[in-house]
Amino acid sequence: MLKIKNLHASIDGTDILKGIDLEVKPGEVHAIMGPNGSGKSTLSAVIAGREDYEISQGSIEFVGEDIMDLSPEERAHMGLFLSFQYPVEIPGVSVTNFLKTAINESRKGRGLEAMPAKDMLKAMREKMAMLEMDKSFMSRSINEGFSGGEKKRNEIFQMAMLEPKLAILDETDSGLDIDALRIVANGVNKLRSKDNAIVVITHYQRLLDHIIPDKVHVLFNGKIVKSGDKSLALELESKGYDWIKEEITA
Amino acid sequence: MDILEKVTNSDYKYGFYTKIDSDKAPKGLNEDIIRFISAKKEEPEWMLEWRLDAFRQWQKMEEPNWAHVKYQKPDYQDISYYSAPKKKKSLDSLDEVDPELLKTFEKLGISLDEQKRLTGVAVDVVVDSVSVKTTFREKLAEMGIIFCAISDAVKEYPELVKKYIGTVVPKGDNFFAALNSAVFTDGSFCYIPKGVKCPMELSTYFRINEAGTGQFERTLLIADEGSYVSYLEGCTAPMRDENQLHAAVVELVALDDAEIKYSTVQNWYPGNKEGKGGVFNFVTKRGICERNAKISWTQVETGSAVTWKYPSCILKGDNSIGEFYSVAVTNNYQQADTGTKMIHLGRNTKSTIISKGICAGNSEGSYRGLVKIGPRAQNARNFSECDSLLMGNACGSHTFPYIEIKNKSAKVEHEATTSKIGEDQLFYCNQRGIPTEEAIALIVNGYCKDVLNQLPMEFAVEAQKLLEVSLEGSVG
């Protein structure tokens, strides 16, 4: 699904990723954990194709294709989805209109006809029910005046509508209260299948109580310094990141 | 009038005829030229006198330079002020038309027949559109609605024209209005009788004798007591015009309990990407509201190299309402200084101003608005919202709000925001599969939604597409 080899990336001359190797197979859920500033958000942005970063070395393969030269929208059309840590507001553009555009542009990118409005509305209603979202959501301007929890729920709603092959959830748990966390996690779990994969990027372990990862990686100073199963997340929770730092420097 | 003067005038008029080519006045502006125009239009004496008076006032005026625009002032003696309605060179097929233009037509979704009409390709009689026009005219006439060219109105309805022309925009109102008053040759006249609700959107498209866009258009629209009309001006198709200077005047009169909705889409040639060429659009638009009357201006301005335009409302009658909804887009080297004036004179008068500026490229966009509350205007209310959206780092956006309040009971609110289409917004859209051009269109349309919602339905759809075309290639 996703194969990253020796990835180095920098922004404005500062090296942030210093040789990342990561392989995610269909059906797997990976968690990437790490302290602030370790490069977690940079990694997700680089995979999604954000142009602000300079990539000096390495490669990214997605569904067997080299995507290094593809635009963010081309990667999205292939089935790559990024749930943003800070989803942006677009005043005057309703959730419905935004999603309609996103879905139909993605379909166009894959050479498909636009989705009939009736089907789209039906799918929207189903997914909103799944995420316990109010119908009024559909006509609100996207992310404008949304609470932190509403923004994150809206991200997962879009993920549900776009049905990606690989979803990267960047700090989806931040800003969520316990109830919202449970609803969002349930939504994500319902979207899990043997054909798709999820990468959860998080600072804390609490989201991983709900979304159980197959693999856990610790990102530190631009490198994956430790990988393991879900017990690694619990170990991090109890020992803190300092434990990792000491282990590396020792 | 002095007999002697009359004789000399008419003598001169005849003499004049022999001197020049009858279809085109020589360059320059003087009283003889104005007499020539008036004679060509077979106007009554009072109209000529009115023009001459305007001209004499204009001569004493100076071209304004307070607007936030820079341009080479036209040489007013180097312009020909009259030419007979031009027949566009007839082409045999669309293959002869500039392919750039055709591409734009396609993007705007303009039908083939319409494309031909706009570019001057000979069309076999389009039965449908002819019959539609005739049906429309018959229906309007039945209701007593007058809708015709202003030059016909001067001859056929002199009492109405005489009563109202220059009452909202006086001859000497400003430099460009005075010039227009002296030399106007084209434009629309519309009268809605008492209590009549005009059943369709009146658009210049359906006016008979339409001969392209006039350089000095003059529009006079009168809604008698209790009547309603929605009027559409302009079209979304690109208008290539060889006249560089346009100085139009629009006067709206809304009598007691009447309502006028006036929508404009302006898409004149903005000049090329380096800022060469393009139309100078210096327009005076103003309406007067009597008791309980309402005037709404809605405009989507994407064209012209330089725009100077402030559609205004004089809220004279008690309980009258003025509204101004505007989207002004500037790209490349375009400059626009536009806004409105809301003059509250009557009691309980209300006004709303929603202005959305969009600047891209090296352009400059300014909002300039005046809200004036007179001493008699008890309980006047105004709400203004002026937003600017910037794209890139080379454009400039400015807001010049003026507020004058002479009555303590007034409530005036002003909100202004400036934002940029951010990299973050674009990346967010891109990540969801929306390419950058489409993302810009989506963001811009969302930003303009409050104004586009005011446009009649089919116009709104075209205006949305027009915004997309105008901003193409403005980012990255």
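Quick note: structure is the one above.
Now for a quick tour of the structure. Everything quoted here is computed from the prediction, not taken from an experiment.

Here is what the cut-offs are and how they apply
Residues numbered from 1 in each chain as written. Chains lettered and ligands numbered in written order. Predicted model: local features only at pLDDT ≥ 70, side-chain atom pairs only at ≥ 80, totals over all residues. Heavy atoms only, no water. Helix = DSSP H or I, 4+ residues; strand = E, 2+ residues; numbered from the N terminus. 1 Å grid on protein atoms, 1.4 Å probe; cavity = no way out; pocket = protein on both sides within 12 Å on 5 of 7 lines; lining within 4 Å. Points joined across faces, edges and corners; volume = space filled by probe spheres on them. Nonpolar A, V, L, I, M, F, W, Y, C, P; charged D, E, K, R; others polar. Patch = residues over 30% accessible without salt bridge, like charges linked within 9 Å, V, L, I, M, F, W, Y side chains within 5 Å. Areas by Shrake-Rupley, 256 points an atom, 1.4 Å probe, with all protein chains shown as cover. Salt bridge = Lys/Arg side-chain N within 4 Å of Asp/Glu carboxyl O. Lys, Arg positive; Asp, Glu negative; His and termini not counted. Charge placed at Lys NZ, Arg CZ, Asp CG, Glu CD. Buried < 20%, exposed > 50% of the residue type's maximum accessible area, 1.4 Å probe, protein only. Pairing = 2+ DSSP bridges. Contact = heavy atoms within 4.5 Å. Axes fitted to C-alpha atoms, helices over the stretch in contact; angles between N-to-C directions. Buried area = accessible area lost by both parts, 1.4 Å probe. Expected span 1.5 Å × (residues − 1). Core = buried A, V, L, I, M, F, W, Y, C linked by side-chain atoms within 4.5 Å. Polar contact = N/O pair within 3.5 Å; in protein donor to acceptor, adjacent residues only side chain to side chain.

1. Digging into unusual backbone geometry
- For N6(A), which is not glycine, the phi dihedral falls at a positive 45°.
- Looking at where N6(A) falls in the secondary structure, it is placed in strand β1 (residues 2–11).

2. Comments concerning the layout of surface pockets
- Of the voids in this model, the second largest pocket is the one considered here, and its volume is about 1000 Å³.
- Taken together, 37 residues form the lining of the second largest pocket, with A441(B), L442(B), N445(B), Q464(B) and E468(B) sitting closest to its centre.
- For the lining of the second largest pocket, the secondary-structure elements that each account for two or more residues are β7 (90–94) and α3 (95–109) of chain A together with α11 (436–447), α12 (449–452) and α13 (457–470) of chain B.
- Looking at the lining of the second largest pocket residue by residue, the classes come out as 16 nonpolar, nine polar and 12 charged.

3. Side note on a positive patch on the surface
- On the surface, K3(A), K5(A), K25(A) and K215(A) cluster together to form a positively charged patch.
- The exposure class assigned to K25(A) is partly exposed, which follows from its relative accessible area of 44%.

4. Examining empty space enclosed by the protein
All names here are of chain B.
- According to the stated counting rule, one finds three cavities of 30 Å³ or more in the structure shown.
- Approximately 140 Å³ is the volume attributed to the largest cavity.
- Forming the boundary of the largest cavity are 18 residues, of which S355, G357, G365, S366 and Y367 lie nearest the centre.
- Ranked by the residues each element gives to the lining of the largest cavity, the list is headed by strand β15 (residues 350–359), at five residues.
- Tallied by class, the residues present in the lining of the largest cavity amount to six nonpolar, 10 polar and two charged.

5. Here's the deal with the sheet that holds strand β5 (residues 65–66) of chain A
All names here are of chain A.
- As summarised here, the arrangement of the four strands in space is β2-β1-β4-β5, forming an open sheet in which the pairing is antiparallel. Each of the sheet's edge strands pairs with one partner strand only, and the pair in question is β2 (14–24) and β5.
- As paired strands, strand β4 (residues 54–62) and β5 are joined by two bridges and run antiparallel to one another. The partner of F62 across the bridge, within β5, is E65.
- Running at roughly 110° to β1, helix α1 (residues 40–48) makes contact with β1, β2 and β4 of the sheet.

6. Details of the interface of chain A and chain B
- Across the contact, 30 residues belong to chain A and 19 residues belong to chain B.
- Here chain A packs against chain B, burying approximately 2100 Å² in sum over the two surfaces, 64% of which is carbon and sulfur.
- Joining chain A to chain B, the criterion identifies two salt bridges.
- Between D424(B) and R50(A) there is a salt bridge, with its nearest N and O atoms 2.9 Å apart.
- For the side of chain A that touches chain B, the element with the most residues is α3(A), which contributes six residues.
- Along the lines of polarity and charge, the residues of the side of chain A that touches chain B split into 16 nonpolar, nine polar and five charged.

7. Here's the deal with α3(A)
- Compared with the 21 Å implied by 1.5 Å per residue over 15 residues, the 21 Å span of α3(A) between its first and last C-alpha is a close match.
- Residue G111(A) follows α3(A) closely and has a positive phi angle near 80°.

8. Observations regarding the nonpolar core
- Counting 111 residues, the largest nonpolar core has I4(A), F98(A), F157(A), L166(A), I358(B) and V444(B) as its most contacted members.
- When near neighbours in sequence (up to four residues on either side) are disregarded, I358(B) contacts V327(B), A328(B), V329(B), T330(B), L389(B), M391(B), V444(B), Y447(B), C448(B) and L471(B).
- With 35 residues, the next largest nonpolar core counts L202(B), A254(B), C386(B) and A410(B) among its residues.

9. Overview of the sheet that holds strand β10 (residues 197–202) of chain A
Residues and elements named next belong to chain A.
- Reading across from one edge, β6-β9-β10-β3-β11-β12 is the order of the six strands in this open sheet, with mixed pairing throughout. Only two strands of the sheet have a single partner each, and these edge strands are β6 (80–83) and β12 (223–228). Adjacent strand axes in the sheet meet at a mean angle of 20°, parallel and antiparallel pairs treated alike.
- Looking at chain direction, strand β11 (residues 215–220) and β12 are connected through five bridges and run antiparallel. Residue V218 lies in a different strand from β12, and its bridge partner there is K226.

10. Observations concerning the side chain of E251(B)
Residue and element names in this part refer to chain B.
- Locating E251 in the fold gives a position in strand β7 (residues 249–254).
- A distance of 2.9 Å separates a polar side-chain atom of E251 from the backbone nitrogen of V169.
- Sequence-distant contacts of E251, defined by excluding residues within four places in its chain, comprise Y164, I165, G166, T167, V168, V169, R218, T219, L220, L221 and R286.

11. Considerations on the environment of T307(B)
- Here T307(B) shows up in strand β11 (residues 306–309).
- Apart from the residues within four sequence positions on either side, T307(B) is in contact with V69(B), Q266(B), N281(B), E301(B), Q335(B), A336(B) and D337(B).

None of the figures reported here should be taken as evidence of function without further support.
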